[in-house]
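Notes for the structure review
Take a look at the letters that make up each chain.
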Amino acid sequence: MKIISAKYILTCNEEFEILENHAICFDEKIIDIDTLNSLKQKYKEAEFIELPKNSVILPGLINTHLHLEFSANKTSLNYGSFLPWLNSVIEKRDELLKNSTEHIKRALKTLQKSGVTTFGAISSFGEEIELCKKSPLRTYFFVEILGSRPDAVDLLFEDFKHRLRACEDLEDERLIPAISIHSPYSTHPILAKNALDIARKFGYVVSTHFMESKAEREWLDSGSGEFCEFFNNFNPNSKPINSPLDFIELFSGCKTLFTHCTQAKKSEIEKIKSQNGSITHCAVSNRLLGVGRLKIEEIDESILNLGTDGLSSNISLNLWDEMRMALMLHNDIDLNELSKKLLKMATINGAKALNLEAGEISKGKFADFIVCELDSSVENLAQNLILQTKFVKESYIKGERC
Ligand SMILES: [Zn+2]
């Protein structure tokens, strides 16, 4: 049992309470929160961790959506518009996947140093699983399935099950199997349904890309637009395989994170919410791929969480960078309000989306928290943290320093 005290504790709870000159008593979980003196009296045997005077404690950050596989990318891909980007990924795929181990290791280090304690890794091939297993961070390992050709469904499903089994074999408290259905334009509904049956049976969290681009919108609504040429290159007379609302319906009964949603309609966002799903916002990725801004001010805050997406569509996996960029992207929202909102998206909301008992400094939650050092008034603490933090001083996961 340990006690740690700080100038400020950002609880990141629903009310976004900030405690001044308080302390936390914890083992694997948060046992108590009070003033230092009363905790020291109550828990006499606890070890005391002394921090510098300007320390701030907040929950460990949760990056709900990233792809480690393309971590080698810096300048290989075409940005500015979705289809040219997608084509460049297909063209440079092998090149980017070659010798990716060192890049993935570096990416994992960045996550750790920036104060991420939990992340969701979307995995197409499964090669990065050993590196995730070695990392001290909690990984939701989203084994991904995709493929639109009906004649390939069986083969693709077998391959998916094989990769999922490999993940299940390594499962522990810090490597949690999860399932990703790539997107409504790329995944045959039978394939999606089969994978989602597994998710429901074992209670796995699910992730999917949804309504990321105008091209996706046009293709799913009317079989037209830029995707028409793209799909016809593979298979003449291609037609959309899912309708947007039917696609969302497939996920009913699964805890699902719908990523991007920049081109989603109100009715689709309402349906996601009614199915207890959430929306993962990837501000930088959306900007780089020219897919439009997610109008976060129009969406119920409690269903929004934050991801960086991969280095194939971002320049950084550091969630502080992501939050800084998001502050600039959503320039009509009050700076301080947006700062608080982003911090909640990166903590409590991410935890809720992943069904994880963490993401806030509250009794009974896992002791996943980080320590920053910052001189700031309490009024401007949220925005100053986002503006000034690059890396954190300490990270604790399940009460263990890492
Ligand atoms: Zn993604």
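Our subject is the structure that appears above.
The text that follows walks through the structure, step by step, so that each part is easy to find. (Residues numbered from 1 in each chain as written. Predicted model: local features only at pLDDT ≥ 70, side-chain atom pairs only at ≥ 80, totals over all residues. Heavy atoms only, no water.)

Re the pattern of salt bridges
Short version of the rule: The salt bridge criterion pairs a side-chain nitrogen of Lys or Arg with a carboxyl oxygen of Asp or Glu, the two atoms within 4 Å. Secondary structure elements are taken from DSSP: a helix is a run of H or I of four residues or more, a strand is a run of E of two residues or more, and numbering for both begins at the N terminus. Note on exposure labels: buried denotes an accessible area under 20% of the residue type's maximum, exposed denotes more than 50%, and partly exposed covers the range between, all computed with a 1.4 Å probe on protein chains only.
Enumeration over the complete set of coordinates arrives at 28 salt bridges. Put simply, Glu14 and Lys352 hold a salt bridge, and the shortest N to O gap is 3.2 Å. A residue pair is termed long-range when its members are at least 10 positions apart, and Glu14 in the loop between β1 (2-10) and β2 (18-26) and Lys352 in helix α14 (residues 348-353) qualify at 338 residues. Judged by its relative accessible area of 43%, Glu14 falls in the partly exposed class. Residue Asp32 pairs with Lys42 through a salt bridge whose shortest N-O separation is 2.8 Å. Here Asp32, found in strand β3 (residues 30-34), pairs with Lys42, found in helix α1 (residues 36-42); they are 10 residues apart in sequence, far enough to count as distant.

Quick look at the coordination of the zinc ion
So the rule is basically this: A donor here means an N, O or S atom no more than 2.8 Å from the metal, or no more than 3.2 Å when the metal is Na, K or Ca. Since water is not included, a site may seem to lack partners. Under this scheme a four-donor centre is tetrahedral when all angles range from 85 to 135 degrees, a four-donor centre is square planar and a six-donor centre octahedral when opposite donors are above 155 degrees with the rest from 65 to 115, and any other centre is irregular.
Within the protein, His65 (NE2), His67 (NE2), His209 (NE2) and Asp309 (OD) serve as the donor atoms for the zinc ion, at 2.1 to 2.4 Å. Here the zinc ion is ringed by 4 donor atoms whose angles at the metal span 85 to 168°, and the overall shape comes out irregular. In terms of primary sequence, the donors binding the zinc ion are separated according to H-x1-H-x141-H-x99-D. Here His65, found in strand β6 (residues 61-66), pairs with His209, found in strand β10 (residues 206-210); they are 144 residues apart in sequence, far enough to count as distant. The exposure class assigned to His209 is buried, which follows from its relative accessible area of 6%.

Here's the deal with the packing of helix α5 (residues 153-169) against helix α6 (residues 189-202)
Helix-helix packing is described using two parameters, namely the angle between the two axes and the distance between the axes. For clarity, the threshold we go by: Fitted lines through C-alpha atoms serve as axes, helices being fitted only where they are in contact, and the angles separating the N-to-C directions of these axes extend from 0 to 180 degrees. Throughout this description, any angle smaller than 35 degrees is read as roughly parallel, any larger than 145 degrees as roughly antiparallel, any in the 65 to 115 degree range as roughly perpendicular, and the remainder as oblique. A crossing counts as left-handed when the near helix is turned anticlockwise from the far one by less than a right angle, and as right-handed when that turn is clockwise. Contacts between residues were defined by any pair of non-hydrogen atoms, one from each residue, lying within 4.5 Å. Residues are grouped as follows: Ala, Val, Leu, Ile, Met, Phe, Trp, Tyr, Cys and Pro are nonpolar; Asp, Glu, Lys and Arg are charged; all remaining types, including Gly, are polar.
With their axes 10 Å apart at the nearest point, α5 and α6 run at an angle of 30° to one another. Classed by the angle they form, the pair α5 and α6 counts as roughly parallel. Here α5 and α6 pass one another in a crossing that is right-handed. Between α5 and α6, the residues in contact are Val153, Leu156, Phe157, Phe160, Lys161 and Leu164 and Ile190, Leu191, Asn194, Ala195 and Ile198, respectively. Of the residues in the contact of α5 with α6, the class split is 9 nonpolar, 1 polar and 1 charged.

A few points about the nonpolar core
Where we set the bar: Nonpolar cores are built from buried Ala, Val, Leu, Ile, Met, Phe, Trp, Tyr and Cys residues. Side-chain atoms within 4.5 Å join them into one set. Residue ranges for the domains trace back to a domain assignment, done automatically or taken from a database.
Counting 99 residues, the largest nonpolar core has Leu68, Phe119, Ile181, Phe227 and Trp320 as its most contacted members. Two domains each put at least three residues into this core: domain 1 (2-59 + 360-401) and domain 2 (70-353). Once residues lying within four places of it in the same chain are set aside, the contact partners of Ile181 are Ile145, Thr187, Ala192, Ala195, Leu196, Val206, Ser207, Thr208, His209, Phe247 and Phe251. In terms of nonpolar packing, the next biggest core, distinct from the first, is built from 16 residues, Leu51, Ile361, Ala367 and Val371 among them.

Some thoughts on helix α3 (residues 100-113)
Note: α-helices contain 3.6 residues per turn, so residues at a spacing of three or four share the same orientation. Short version of the rule: By this rule the span expected of a helix is its residue count minus one, scaled by 1.5 Å. Throughout, the arc means the angular range of directions from the helix axis out to the C-beta atoms.
In a regular helix each residue adds 1.5 Å, so 14 residues correspond to 20 Å; α3 covers 20 Å between its end C-alpha atoms and thus fits that length. Along α3, the residues that are buried comprise Ser100, Ile104, Ala107, Leu108, Leu111 and Gln112. All buried residues of α3 project into a common sector of 140° when viewed along the axis, lining one side. Two residues or fewer past α3, Gly115 is found with a positive phi of approximately 95°.

These figures come from the coordinates and say nothing about function on their own.
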